[in-house]
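A structural walkthrough
Residue strings, one per chain:
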Amino acid sequence: MQQTVTTLEVEAQVQPEMEIESRRVRVGLLGGTFNPPHLGHLVIGEQVARQLGLEKVYFMPNAIPPHVDRKEAIATVDRVKMVQAAIQGNSLFELELAEVERGGVSYAYDTLLTLLQKHPDYEYYFIIGADEVAYLSTWYRVDELMRLTHFVGVNRPGVPAPKSEFSIQFVTVPDLDISSTNLRQRIAHHESVRYLVPDLVAAYIFERGLYQDDDRN
Ligand code: ATP
Ligand code: MG
């Protein structure tokens, strides 16, 4: 896969007159709070990349999520380190720090403008779970956003298959009933999260004593 990106980049340099469409690099974008990242995130990234033939999937932790979270997310630096740990070992996966570096409320519309400026040859496939599909109409400047990126919806256990007014491509993934909310509760209640989060993520959580305090979950 890396090989293909490199070849495309080289071609883009030596043949600037080439049609823009023919040197588009198709990449996935998986945005989230990742509080913490879990196997559900990794499986949807892998499945969408393989099923749609994407070159890469960029995991993008947000700074402040646009919707009001019931409880505040833990420090950004910890979420970034956990995402880094989670994607380690999969050459399809990369970290995208655009939202963290920009800071403030992470509106996808602003992010896509920044990303497309930085990577004009990237064709983005924004991956969202069924719960997010249902809320898409509330996203900031969603109509304009639809012109900046494709959207890929995936099934999520406990969420009815969504119908959307927007043009969304659906990809079926194995159902994994895992959520960060449930993981935070498990950790606070000293229940096992083994095989629900990657081992390196679990190690980081326990080393740093994250999510131990019930009140924050
Ligand atoms: P929280 O419970 O804190 O909201 P989460 O598990 O939903 O956490 P997010 O970081 O909010 O994790 O999710 C990022 C993206 O991944 C969202 O689009 C979400 O719908 C999707 N997603 C997360 N877990 C799953 C899952 N198990 N199956 C399908 N999609 C998922
Ligand atoms: Mg969520």
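Everything below is about the structure shown above.
The structure displayed is predicted, hence computed values, not measured ones.

In this section: the pattern of salt bridges. Any two side chains of opposite charge can pair, given that their charged atoms come close. Per the stated rule, a full pass over the model turns up five salt bridges. A salt bridge links Arg208 to Asp78; its shortest N-O distance comes to 3.1 Å. Here Arg208, found in helix H9 (residues 199-208), pairs with Asp78, found in helix H3 (residues 76-87); they are 130 residues apart in sequence, far enough to count as distant. Since its relative accessible area comes to 5%, Asp78 is described here as buried. Between Glu96 and Lys118 there is a salt bridge; the shortest N-O distance is 3.7 Å. Here the residue Glu96 occupies a position in the loop between strand E3 (93-95) and helix H4 (98-102), and Lys118 occupies one in helix H5 (residues 108-118), the gap between them amounting to 22 residues. Given a relative accessible area of 5%, Glu96 falls into the buried group. Judged by its relative accessible area of 48%, Lys118 falls in the partly exposed class.

The subject of this paragraph is the pairing of strand E2 (residues 56-61). The element E2 is extensively covered by neighbouring structure, given that six of its six residues are classed as buried. By the alternation rule, side chains of E2 split into Lys56, Tyr58 and Met60 and Val57, Phe59 and Pro61, which are all buried. Where strand E1 (residues 25-32) lies against E2, six bridges are found, and the strand directions are parallel. Counterpart to Val27 in the pairing with E2 is Lys56. Pairing of E2 with E3, which is carried by three bridges, proceeds in the parallel orientation. Bridge pairing in E3 places Tyr58 opposite Glu94.

Note that the residue after Asn35, namely Pro36, is joined by a cis bond; omega there is 0 degrees. Structurally, Pro36 is set in the loop between E1 and helix H2 (39-52). Of note, the phi angle at Arg141 is positive, near 50 degrees, even though the residue is not glycine. Within the element layout of this structure, Arg141 appears in the loop between helix H6 (130-135) and helix H7 (142-146). Backbone geometry at Tyr195 places phi at a positive 70 degrees, although glycine is not the residue there. Within the secondary structure layout, Tyr195 lies in the loop between helix H8 (180-188) and H9. On the basis of relative accessible area, Tyr195 is assigned to the exposed category, the value being 63%.

Looking now at H5. Residues Ala108, Tyr109, Thr111, Leu112 and Leu115 constitute the buried set of H5. Here the buried residues of H5 occupy an arc of 155 degrees about the axis, which is enough to place them on one side. If you follow the buried residues of H5, they end up packed against E1, E2, H4, strand E4 (122-129) and H7.

Thresholds, definitions, all that
- Residues numbered from 1 in each chain as written.
- Chains lettered and ligands numbered in written order.
- Predicted model: local features only at pLDDT ≥ 70, side-chain atom pairs only at ≥ 80, totals over all residues.
- Heavy atoms only, no water.
- Salt bridge = Lys/Arg side-chain N within 4 Å of Asp/Glu carboxyl O.
- Helix = DSSP H or I, 4+ residues; strand = E, 2+ residues; numbered from the N terminus.
- Buried < 20%, exposed > 50% of the residue type's maximum accessible area, 1.4 Å probe, protein only.
- Pairing = 2+ DSSP bridges.
- Arc of directions from axis to C-beta.
- Contact = heavy atoms within 4.5 Å.

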